[in-house]
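Commentary on secondary and tertiary structure
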Amino acid sequence: MPVPRIAHPAEPAPEAPPTASRTPDGAPGEGGKRSGQPTGGSGLRLDIQGLRAVAVSLVALSHAGVTQVAGGYVGVDVFFVISGFLITSLMLREHSRQGRISLGRFYARRALRLLPASTLVVVATLAGSWLFLGPLRFADYAKDAIASAWYVVNFRLADAGTDYFNTDVPPSPFQHFWSLAVEEQFYLIWPIVLIVALKLFRRRALLGLPLLALAAGSFAVNLHLTETAPSWAYFGSQGRIWELAVGALLALVADRLDDIPRPVAVVVSWAGIAAIAYAAVMFDDSTVFPGHNAVVPVFGAAAVLACGAAGGRWGAGALLSLRPMVWVGGISYAWYLWHWPLILIVPAAAGFGEHDGPLRLIAALCGIPLAWLTLHLVENPMRFHRAFKARAGRGLVFGLGLSAVAASLAVVAAQFPPSLSEGGARQNTREALAQASDPRAELTKLLEQKVDKLPSNLTPSMRDTAYKRSAVYTDDCALTMTDKVQTQPCLYGDTKAERTVVLFGDSHVAQWFPALDAIAKEHHWKLYSFTKNACKVSQITIEWNKGPYSTCDDWRATTIDKILKMKPELVLTSSSNSAKLWGDGDTAEAWGKGQAETYRMLHKGGVQVATLLDTPWPKNNAVDCANANSGDLGACARDRSEADPKPDVTKAIRAAATAEDVPTIDPYDWVCAPSGNCPIVVGNTMVYRDYGHLADGYVEALTPVVEQELLRLFGDDLSKRPGA
C-alpha cells in the first residue's frame, strides 16, 4: 500500500545562529569573499536560509498540486539535515564557550522557538476543521491536534497508514506536524548522547562514533520498514533519525569546512542543488520512499551545507544568499505551518469540493503573508521576550502550558462536533427488504427512489458506516498485506453444523460477510472466512509497493490447499478487479487464465465454486462525499456505465467462470437502479463505506436479496449443483 505524500513534514525550524555582521543588503560577499559567513563560524549562514527557502517552496508547491515538482516532498529531508547541522553546531558552540551544555536551556529554546507559532496554527486549524471540514472526521482531527501538541502525531499517522481502508481517506489538516514530532523525538536523544560523548572523548573526531552508530542503525531500519511497513518508514522517527544525524555529523567537522578548496566547493555545492532538484522533479507519489531514494536529497543538502559558503561567488551559496531567498528562509517555519491547513480548508470553505485546482496553489501562497505576521507578532516576541532570558524554567513551563492549552481545546471541541444538514426521514431499508415477499423487487423500488439529502434517520450513522468493522476485521481474520499465514480459525455461522461454506478472496469478498454470516446461521452452515487484503483468487502476481505481491501468492497457495483438505460444500470467491499486473503482459488475459486455473484446482478436489463479481465503484470516497454534499447527494452518484474500473477484467472473469462451469452472481442490480444511477444512499442506509467497499449496514440490509439468489442457484440445502 503506497504511503500518501499529501501532507509532509513541517520545516524543522532550528534555532538560527547568532547574527553576524554582513553587507547592508544581505547579499553575498563581493570579489573574492565567500558568500555569507565562514562555514564553521558562528555567523548567520545566509546560504542556509536560502536552502530553507528552497526546501519549503518545494514542499508547498508539491502539496498545492504543481506536478512539475511532484517530488517536492523531499524538502523535508533537506530540513532534517539542516536542523541536525544547525542545532548540533549550536550545542558545540555552547560547550566551547561554557564548558558544558545545559539541557534546560536547550529545551527551553526549542519550546520558545516552536510552540508559540505551532499552538496558534493548531487552534486555528481546529476551528477551520470544525467550520468547514464537516463532522465525519472531526473526532479524528481533534485527536490529531492533541497528538500534534504533544509531538507524537507521527506515531498516530504511521499506525493509521497500516489500515488498508485508510488509503483513500482524506489527509488530516494536522498531518504536516509529523516532522516536528520526528525532530523533537531525535532531540530527546541526541543532546544527551552528545553530552556523554563530550565527557568520554577528548578528541572531537571521536564524537562522531555514537552518532555514526545511531545513523547506521536508523538507515538500516529505514530500508527494512520501507519494504515491510511503508507508513512506519515514512512517518516513524526510527527510520528518519539518520537524516538529522547526517547534518549533525557534518557539524562535528564544521571547523574544517573552510579548508575545502574553492573549486571543489563550487562543484560540490552545485551538485548538491542538482541532487535536490533531481529528486523534486523526478520523484513522485509512486516513488518508493524514503528507502534508498532518500539518500539523494539528504546528501544533496549535506553537500550544500558543507560547501555552500566555501564556494564563494561562484558556488551555490551565492544564489542561495540573495535577499529574496533569505527572506523566504526566514519565514519558512511559519509558512510551512500555515500552508497545509490552508490548502485543505480554503477550497472546502469556498465550496470547490473536488475541483479545487488552482485554489490549492493560491491557498498555499496565502500562507506567506500569514507567516510574516506570525513571525513578527507571535514567534519573535515570544522567543526573545525578556521574561525568558536566562530563565530556562520559565521557557519550559510556558511551552508546556501552550501544549496543554492546545490539547485541552481539542478535547473540548471533540465534545461538540459540527452537525450536517439533513433531509427528512426515509424508509428503513433493512426493514423494507426483510418484510418484502420479493426482496429483489422491493430493492429495485428503493433504488429508483431518489434520495437528494442525507436522511435524518440514517442507519447506521455515517461515522459508524465509515469506521465500524465486521467480525472478520475485529477478529484479525482479514489478513494485512504483509501477513502470510492465517493464525485464527475464522469460523462463523453455525459453528456446529455439518456443512461448510468458505469465503475466499480479498476485501471485496469480506465485504459480504455480514449477509453471509446471517444466512449461514439461518441455513446451518459453518462459514469460514479466508481473506487477505488486495489478494486476488486468480493465479496472477500483482504489484504492491513497487514489487511483486509475493505474500499474496504464498497465502493463496496455502489457502487453496487448506480448502481442498476441508472439502467444503461451497466456496464463494470474489476479488476487487482493480490491480496492476506485476511484469509484462495483458492484465485481463492473464487474469482470466489465472481465474480459470484456480477454478480447476478447486474442482479437481471436488469443491463446488461460485463467484460474486465485483461491485460497482463510487466515483470517490462515498462517506466523505456525503459529508461534503449532504444536501445534494446526487453529486456523489455515479452512472452504472462508469462504475467498473476494469471492465475488460470483469469480462475475462465471466468468460473463465463460464468455461469452467462456475455460476456467477452479478451484484450490480443490487446497487444501481434500472435507470443506471448508482446512488450512495438507498432508503435510510449508506451504500458504501469508502471508495470501493459496500457498507456493512447496506450488506446486512441486502441479506434477504443475497439469500434469495443463493437459494435460486443451490436449493434449500445449498448442497446441490446449480440446475441439478
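Keep in mind the model is a prediction, meaning the values are calculated, not measured.

Describing the overall build of the protein chain
Counting its regular elements, the protein chain contains 28 helices and 13 strands. The principal-axis extent of the C-alpha atoms belonging to the protein chain is close to 95 × 55 × 40 Å. Sorting the 724 residues of the protein chain into buried and exposed places 56% on the buried side. Sequence separation of at least 24 residues holds for 82% of the intrachain contacts in the protein chain that already meet a minimum separation of 6. Approximately 28,800 Å² of the protein chain is accessible, and the part contributed by carbon and sulfur atoms is 59%. Of the charged side chains in the protein chain, 66 are positive and 66 negative, and the gap between their average positions amounts to 11 Å.

Here's the deal with the packing of aromatic side chains
Enumeration according to the criterion identifies 20 aromatic pairs in this entry. A centroid spacing of 5.5 Å and a plane angle of 80 degrees characterise the contact between tryptophan 617 and tyrosine 691, whose relative ring orientation is edge-to-face. Within this pair, whereas tryptophan 617 is found in the loop between strand E8 (609-612) and helix H25 (622-628), its partner tyrosine 691 is found in the loop between strand E13 (685-686) and helix H27 (696-701), the two being separated by 74 residues in sequence. Of the residues examined, tryptophan 617 reaches a relative accessible area of 12% and is grouped as buried. Linked through ring pairs, Phe106, Tyr107, Phe186, Tyr187 and Trp190 together constitute an aromatic cluster.

As for helix H4 (residues 138-149)
The end-to-end C-alpha distance of H4 is 16 Å, a good match for the 16 Å that 12 residues give at a rise of 1.5 Å each. Buried residues dominate H4, accounting for nine of its 12 residues. On its buried face, H4 is in contact with helix H3 (103-132), helix H5 (153-160), helix H16 (392-414) and helix H19 (462-467). Directly after H4, the chain includes tyrosine 151, whose backbone phi takes a positive value near 60 degrees.

What about the nonpolar core?
With 105 residues, the main nonpolar core has Leu51, Phe85, Phe177, Trp178, Trp190 and Leu305 as its most contacted residues. Listed in part, the 64 residues of the second largest apolar core include Leu443, Ala610, Leu713 and Phe714.

Describing the packing of helix H2 (residues 75-98) against helix H11 (residues 295-307)
Their axes nearest at 8 Å, the elements H2 and H11 cross at an angle of 45 degrees. As far as their axial angle goes, H11 and H2 are oblique. The chirality of how H2 crosses H11 is right-handed. Counting all contacts with H2, which are made through Asp77, Val78, Val81, Ile82 and Phe85, the residues of H11 involved are Pro297, Val298, Ala301, Ala302 and Leu305. Tallied by class, residues from the contact of H2 with H11 come to nine nonpolar, no polar and one charged.

Scoring rules and cut-offs
Residues numbered from 1 in each chain as written. Predicted model: local features only at pLDDT ≥ 70, side-chain atom pairs only at ≥ 80, totals over all residues. Heavy atoms only, no water. Helix = DSSP H or I, 4+ residues; strand = E, 2+ residues; numbered from the N terminus. Buried < 20%, exposed > 50% of the residue type's maximum accessible area, 1.4 Å probe, protein only. Contact = heavy atoms within 4.5 Å. Areas by Shrake-Rupley, 256 points an atom, 1.4 Å probe, with all protein chains shown as cover. Lys, Arg positive; Asp, Glu negative; His and termini not counted. Charge placed at Lys NZ, Arg CZ, Asp CG, Glu CD. Phe/Tyr/Trp six-rings, centres within 6.5 Å; stacked < 30°, edge-to-face > 60°. Expected span 1.5 Å × (residues − 1). Core = buried A, V, L, I, M, F, W, Y, C linked by side-chain atoms within 4.5 Å. Axes fitted to C-alpha atoms, helices over the stretch in contact; angles between N-to-C directions. Parallel < 35°, antiparallel > 145°, perpendicular 65-115°, else oblique. Left-handed = near helix turned anticlockwise from the far one by under 90°. Nonpolar A, V, L, I, M, F, W, Y, C, P; charged D, E, K, R; others polar.

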